[in-house]
Amino acid sequence: MTRFIDIGHLDDIPTEGARVVKTPLGCVAVFRTAQDEVFAIDDRCPHKGGPLSNGIQHGRSVTCPLHNWVISLESGMVEGMDEGQVATWPVEVRGGRILMDVARLDQAMAAE
Amino acid sequence: MTQHIVVIGAGMASGRMLEHLFDAGADVHVTLFGAEPRGNYNRIMLSPVLSGEKTFEEIVTHDSDWYAAHGVTTRFGEHITAVDPVAKTVATGQGPLSYDKLVIATGSDPFIIPVPGKDLPGVMAYRDLDDVERMKSYAAKPGAKAVVIGGGLLGLEAAAGLKAQGMDVTVIHLAGHLMERQLDPAAGYLLKRELELRGIKVLLEANTAELRGTDHVEAVLLKDGRVIEADMVCMAVGIRPATALGTACGIACERGIIVDDQMRTVDPDILAIGECVQHQGQIFGLVAPLYDQAKVAAKTLMGEEAAFTPPMVSTKLKVTGVDLFSAGDFADGDDREEIVFRDAARGVYKRLILAQDRIIGIVMYGDTADGPWFLQKLKDGEDISEGRDTLIFGQNYAGGAPLDPMAAVAALPDEAEICGCNGVSKAIILAAIAGGAGSLAEVTAKTKASTSCGSCAGLTAQVVALGLGDDFVIPAEAGMCGCTDHSHEDVRRLIVADGMKSIPEVMQKLHWTSSGGCAKCRPALNYYLLCAWPEEYADHAQSRFINERVHANIQKDGTYSVVPRMWGGITTPDELRAIANAADKYNVPTVKVTGGQRIDLLGVKKEDLPSMWADLNAAGMVSGHAYAKGLRTVKTCVGTDHCRFGTQDSTGLGIKIEKALWGAWSPHKFKLAVSGCPRNCAEATCKDFGVVCVAEGYQLHVGGAAGMEVKATQLMCTVATEEEAIEYCAAFYQLYREGARYLDRPWKWIDRVGLDHIIEKVVEDADSRTALAARFFHSQKYFQTDPWAERAGGKDAHEFTPLADLTQVAAE
Ligand code: SRM
Ligand SMILES: Cc1cc2nc3c(=O)[nH]c(=O)nc-3n(C[C@H](O)[C@H](O)[C@H](O)COP(=O)(O)OP(=O)(O)OC[C@H]3O[C@@H](n4cnc5c(N)ncnc54)[C@H](O)[C@@H]3O)c2cc1C
Ligand code: SF4
Ligand code: FES
């Protein structure tokens with residue numbers, strides 16, 4: 001099951017930048033690429049929890065600001081020699097609005 | 001059927017074996033026991049962790065995600081003491097666990113000299129992370145004294161690390177020279193001198209009699225009666241293979257657990273690898289052979305053919321700035337000859353030991369570039385009689401004319417060892433390229449070359465360049481990063497020559513190989529562009545590291561630190577009150593006086609930054625740029641205002657310089673100091689630019705640093721007036737801003753271009769100086785604005801506020 005919620009406008013995020021969405025499961029980093037694609041992943045580096053929204057974005061990857069791990073925005077996988085993965089969140093852009101699937105939140109809340 | 005493999009010891013050997021097993025897709029389930037409360041890490045990099053050059057996180061080789069991905073059951077923190085080879089079970093805290101195959105990889109135990117006092121608190125070995133942390137905890141006490149017993153590889157790395165942590169360090173060594181197993185007396189002497197220059201005391205022929213202390217170690221007593229005070233003692237006198245478990249389960253052990261060429265013990269279902277084993281009478285203490293053992297053991301477990309033959313190993317000391325290399329046998333002997341080269345001024349010593357026209361031993365100190373080339377000849381048993389006259393000058397001179405570095409790499413035979421730790425030869429790198437690896441990063445990921453101690457990184461890059469051939473035009477200088485083969489210098493030149501004004505334009509015109517660059521090249525390009533076109537270029541925030549994007553330093557927990565500028569280190573009661581108020585208002589957990597003569601408010605929440613800055617602005621304070629590749633601090637001493645020795649107004653001049661220079665961006669940070677006399681209380685001679693006031697004026701010193709490398713400045717010139725001091729300073733800064741590679745401090749850039757170049761452009765050629773200073777002050781018109789005020793005023797608000805808050809979105 002999916003449930004998409006409007007989290008803002010594409011232009012609220014600078015190109016090649018990121019913003020944070022606060023959720024009960026922690027912050028989610030929402031990235032906008034140079035090609036105006038949008039990706040959302042947990043804002044916690046699998047290494048030591050670095051805030052990925054603060055990293056430098058390049059292509060479809062982000063470099064963590066704390067120790068330079070590189071994480072794929074598409075798959076959440078850590079690239080290069082390091083190993084690990086961040087959870088990704090489905091997002092869509094419709095008519096300039098960014099929609100994020102919060103089904104995972106619902107499940108987590110229901111489980112409580 | 002899936003085999004259950006139990007591995008005891010999560011060290012370097014077993015970690016590598018597991019990688020081989022999983023890479024080959026072996027049908028196994030692994031349970032991994034480790035006595036340490038953590039998984040596999042790169043033990044050989046503990047020394048950089050001790051010295052503070054690396055964090056533990058950076059040396060972890062396998063983390064919990066990796067184990068999970070490969071279905072490894074991890075049992076860290078469990079020390080295994082018994083195995084039943086008949087029932088094929090391991091005794092664990094949770095009862096017996098059966099195995100199909102058992103792998104013992106327990107490494108070795110540090111040897112503790114049996115002297116009175118060896119069990120006192122404060123006496124430790126150097127083997128694992130706990131030891132490192134214990135040592136560091138002593139370093140926290142100012143002026144703490146450390147004694148390291150043992151002047152071998154491990155002891156000296158410990159000594160250098162403790163020294164880097166600020167301790168007062170003495171090394172006690174039994175033999176007549178340091179590292180006697182790897183070095184001859186001449187090289188041992190050079191090494192001792194180098195360590196002494198760094199402030200480490202070295203006592204040779206010193207035999208420990210006793211460790212003294214009541215409830216903690218307090219001193220070391222030597223047999224000759226000398227007493228050395230100690231707050232902690234590190235014993236690094238050797239290792240013993242950890243055979244206890246082997247003995248307990250009844251498999252044959254001598255010095256180590258005896259294994260055959262397939263790494264099997266006498267029990268075919270029990271294998272052993274690593275420092276705990278003995279193979280054909282030999283035991284091991286370096287990783288290269290262990291990695292080979294790991295590979296063989298993985299094959300044996302999968303039922304494949306493989307046999308271990310011990311490789312010839314060479315030694316390096318991982319102490320930053322110390323270059324030594326040794327291999328083979330270098331004892332004197334009647335049947336031996338030697339070739340020696342010395343350059344006393346540069347501290348270079350090279351010695352080849354020959355027997356029957358073949359190299360059998362190598363000792364090099366100070367310049368070790370040719371080490372691998374000699375080692376290859378040693379391994380090959382090559383007859384060197386032909387080129388013997390020039391042999392000692394190394395590869396570049398072989399055959400007469402010096403060759404270019406790539407030709408030298410091309411001439412290396414396929415078996416030539418490139419990475420000693422991982423046993424990666426030239427052939428393996430070339431095979432990886434033939435197999436599709438198309439970049440340096442891919443090659444290192446595939447082969448592991450240069451991923452352990454890293455000292456072969458340069459050579460690895462050259463072999464990769466060779467292998468990629470036409471696809472990889474060999475740049476005169478290394479490319480800026482993986483996205484381009486153009487060097488920093490070329491990119492800077494082309495930006496100006498071609499009038500390029502944006503990052504996408506540079507990437508397009510210079511054929512960047514990635515679409516959006518990477519975290520290395522983007523910040524560099526952003527800087528090069530803003531330096532070239534101060535009036536036109538629009539700073540690209542997304543190409544800046546977070547600190548420079550939000551104008552504060554990110555902390556390890558994601559909060560930030562805030563350092564307001566304190567001109568020349570001078571403050572007022574009002575400023576202090578405003579700082580105190582801000583600290584209270586925003587619940588700042590730590591207020592600290594920095595090493596740069598100002599105050600740091602640490603642990604501020606990101607969303608609080610703009611309003612905190614507004615408060616500080618209101619009290620007249622601006623950003624200290626403590627996060628910037630730009631102008632940092634100007635430290636001063638009290639000077640003529642108060643000091644009985646002051647010759648000039650050092651405080652006043654420092655403030656004037658800081659007011660002139662603040663806000664400027666540069667390739668790396670730029671720090672200054674002004675001292676009122678040659679007693680130099682502001683430490684001007686280890687700054688990027690330092691002024692030392694003397695009776696006749698101002699000495700201007702350049703190219704100092706006191707970070708990872710400590711560099712004393714060189715004197716550029718002496719000027720008579722404050723105005724000149726400021727002008728020369730601006731001109732020097734501009735020359736650096738325009739010429740240096742991104743992330744090179746001035747000293748590195750001066751090493752590249754030479755002090756003469758600086759003196760010519762800044763001192764001798766008055767027109768050049770005026771023009772440089774003019775360009776600097778022109779650029780300052782655009783950059784001397786307080787970034788905090790801008791953000792307090794609403795700029796980049798998106799950085800400090802969430803896009804959306806879903807914490808209240810309840811489930812439907
Ligand atoms: C706050 C301070 C330590 C302190 O509590 O005293 C400090 C803190 C940091 N220093 Fe420093 N350095 C501080 C004075 C120094 C000094 C002493 C000095 O300036 O006289 C040095 C040695 C002198 C020198 O630079 O030559 C120093 C040499 C370094 C280096 C090594 C530079 C090098 O060339 O090797 C780094 C790493 C870097 O810049 O790449 C560094 C980097 C850092 C960073 C920015 C690490 C980082 O990237 O996160 C630290 C930020 C901590 C934080 O979150 O706030 N810090 N750092 C000092 C701030 C001074 C100020 O008022 O601005
Ligand atoms: C500070 C330092 C610097 C070094 N530098 C270099 C270098 O530059 N180059 C180089 O080639 N080598 C270097 N070495 C040596 C290198 O680290 C070792 O050769 C290598 O780690 C040995 O690997 P191993 O797997 O055999 O043992 P280890 O890596 O020691 O792993 C053995 C593990 O088994 C665990 N264990 C032991 N007994 C049990 C038990 N009964 N139950 C459960 N777990 C157990 C231990 O706690 C340990 O974690 C260095 C070593 C140190 C300490
Ligand atoms: S403040 Fe400087 S010396 Fe201290 S831990 Fe950070 S970088 Fe290292
Ligand atoms: S926390 Fe991200 S790289 Fe370390």
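Scroll up to find the structure this text is about.
Right, let's walk through the structure included here. (Residues numbered from 1 in each chain as written. Chains lettered and ligands numbered in written order. Predicted model: local features only at pLDDT ≥ 70, side-chain atom pairs only at ≥ 80, totals over all residues. Heavy atoms only, no water.)

**Focus on helix 6 (residues 153-164) of chain B**
Residue and element names in this part refer to chain B. Stated formally: Strands are runs of DSSP state E lasting at least two residues, helices are runs of H or I lasting at least four, and both sets are numbered from the N terminus onward. To estimate the expected span of a helix, count its residues, drop one, and scale the result by 1.5 Å. For this analysis, residues touch if any pair of their heavy atoms sits within 4.5 Å.
With 12 residues, helix 6 extends 17 Å from end C-alpha to end C-alpha; this agrees with the ideal 16 Å at 1.5 Å per step. Tucked into the core, helix 6 has its buried residues touching helix 2 (46-51), helix 5 (129-139), strand 10 (145-149), strand 11 (168-172), helix 7 (185-197) and strand 16 (232-235). Where helix 6 ends, the next residue or the one after it, Gly166, has phi of about 95°, a positive value.

**Some points on the interface of chain B and chain A**
Inclusion rule: By buried area we mean the combined loss of accessible area, with a 1.4 Å probe, across both parts when two parts are placed together. The term salt bridge refers to a pairing of a side-chain nitrogen on Lys or Arg with a carboxyl oxygen on Asp or Glu at a separation within 4 Å. Think of a polar contact as two N or O atoms within 3.5 Å of one another; within protein, one of them needs to be a possible hydrogen donor and the other a possible acceptor, and neighboring residues in sequence only count if both atoms come from side chains. Charged means Asp, Glu, Lys or Arg here, nonpolar means Ala, Val, Leu, Ile, Met, Phe, Trp, Tyr, Cys or Pro, and polar covers whatever is left, Gly included. At least two DSSP bridges between two strands are required for those strands to pair.
Across the contact, 40 residues belong to chain B and 41 residues belong to chain A. Buried surface at the junction of chain B and chain A, both sides included, amounts to about 3200 Å², of which 61% is carbon and sulfur. Our count for the chain B to chain A interface comes out at 2 salt bridges. A salt bridge links Glu16 of chain A to Arg522 of chain B; its shortest N-O distance comes to 3.4 Å. Inspection of the chain B/chain A interface yields 13 residue pairs in polar contact (both at pLDDT 80 or more). Put simply, the parts of the chain that give the side of chain B that touches chain A at least two residues each are helix 4 (64-69), helix 14 (440-447), helix 18 (521-532), helix 19 (546-550) and strand 39 (804-805) of chain B. Of the residues belonging to the side of chain B that touches chain A, the class tally is 16 nonpolar, 13 polar and 11 charged. Taken together, the 2 bridges between strand 2 (residues 17-23) of chain A and strand 39 of chain B define a ladder with parallel strand orientation. Across the sheet, Lys22 of chain A pairs through a bridge with Asp805 of chain B, a residue of strand 39 of chain B.

**Concerning the nonpolar core**
What counts is decided by this rule: In these notes, a set of buried Ala, Val, Leu, Ile, Met, Phe, Trp, Tyr and Cys residues joined through side-chain atoms within 4.5 Å is what counts as a nonpolar core. Exposure is judged per residue with a 1.4 Å probe applied to protein chains only, and the accessible area is read against the type maximum: over 50% gives exposed, under 20% gives buried, and values in between give partly exposed. Where each domain starts and ends comes from a domain assignment, either automatic or drawn from a database.
Grouped together as the largest cluster of nonpolar side chains are 81 residues, with contacts concentrated most on Leu162, Met167, Leu191, Met232, Ile359, Ile362 and Ile429 of chain B. When residues of this core are assigned to domains, at least three map to each of domain 1 (3-107 + 241-301) and domain 2 (112-237) of chain B. When near neighbours in sequence (up to four residues on either side) are disregarded, Ile359 of chain B contacts Leu352, Ile353, Leu354, Phe374, Lys377, Leu378, Ile384 and Leu391 of chain B. In this structure, Ile41 of chain A together with Val491, Ile546 and Met566 of chain B belong to the second largest nonpolar core, which totals 65 residues.

**Section: the site of ligand 2**
Residue and element names in this part refer to chain B. To keep it simple, the criterion reads: Only a single heavy atom is needed: when it lies within 4 Å of a molecule or strand, its residue is near that molecule or strand. Methods summary: accessible areas were calculated by the Shrake-Rupley approach with a probe of 1.4 Å, and residue burial reflects only the protein chains presented.
Not every one of the 29 residues close to ligand 2 is listed here, only the nearest: Glu36, Arg127, Glu275, Val287 and Lys318. Ile80 is positioned such that a nitrogen or oxygen atom in its backbone is 2.8 Å from a nitrogen atom of ligand 2. One of the side-chain nitrogen or oxygen atoms of Arg127 is found 2.6 Å away from an oxygen atom of ligand 2. Against a free-state accessible area of 1000 Å², the protein chains account for coverage of 92% of ligand 2. At the level of secondary structure, the elements contributing two or more residues to the shell around ligand 2 comprise helix 1 (12-23), helix 6 and helix 9 (287-301). Here the residues of the shell around ligand 2 are counted per class, giving 13 nonpolar, 9 polar and 7 charged. Mapping the shell around ligand 2 onto the domain boundaries places at least three of its residues in each of domain 1 (3-107 + 241-301) and domain 2 (112-237).

**Overview of the state of the cysteines**
Two cysteines, two sulfur atoms, one covalent bond between them: this is a disulfide. Worth spelling out the cut-off: We call a pair of cysteine sulfur atoms a disulfide whenever their separation is within 2.5 Å.
Tallied over the entire structure, the rule returns 0 disulfides over all chains. You can see Cys249 of chain B has no disulfide; the closest cysteine sulfur is in Cys253 of chain B, sitting 7.3 Å from it.

**Description of the pattern of salt bridges**
All names here are of chain B. Under the defined criterion, the tally for this structure stands at 52 salt bridges over all chains. Across the pair Glu78 and Arg75 runs a salt bridge whose closest N-O atoms are separated by 2.7 Å. The class for Arg75 is buried, based on a relative accessible area of 13%. Residues Glu382 and Lys377 are paired through a salt bridge, measuring 3.1 Å at the closest nitrogen-oxygen approach. Judged by its relative accessible area of 11%, Lys377 is buried. Because the salt bridges share partners, they merge into one network encompassing Glu36, Arg38, Arg43 and Asp130.

Coordinates in, geometry out; function isn't part of it.
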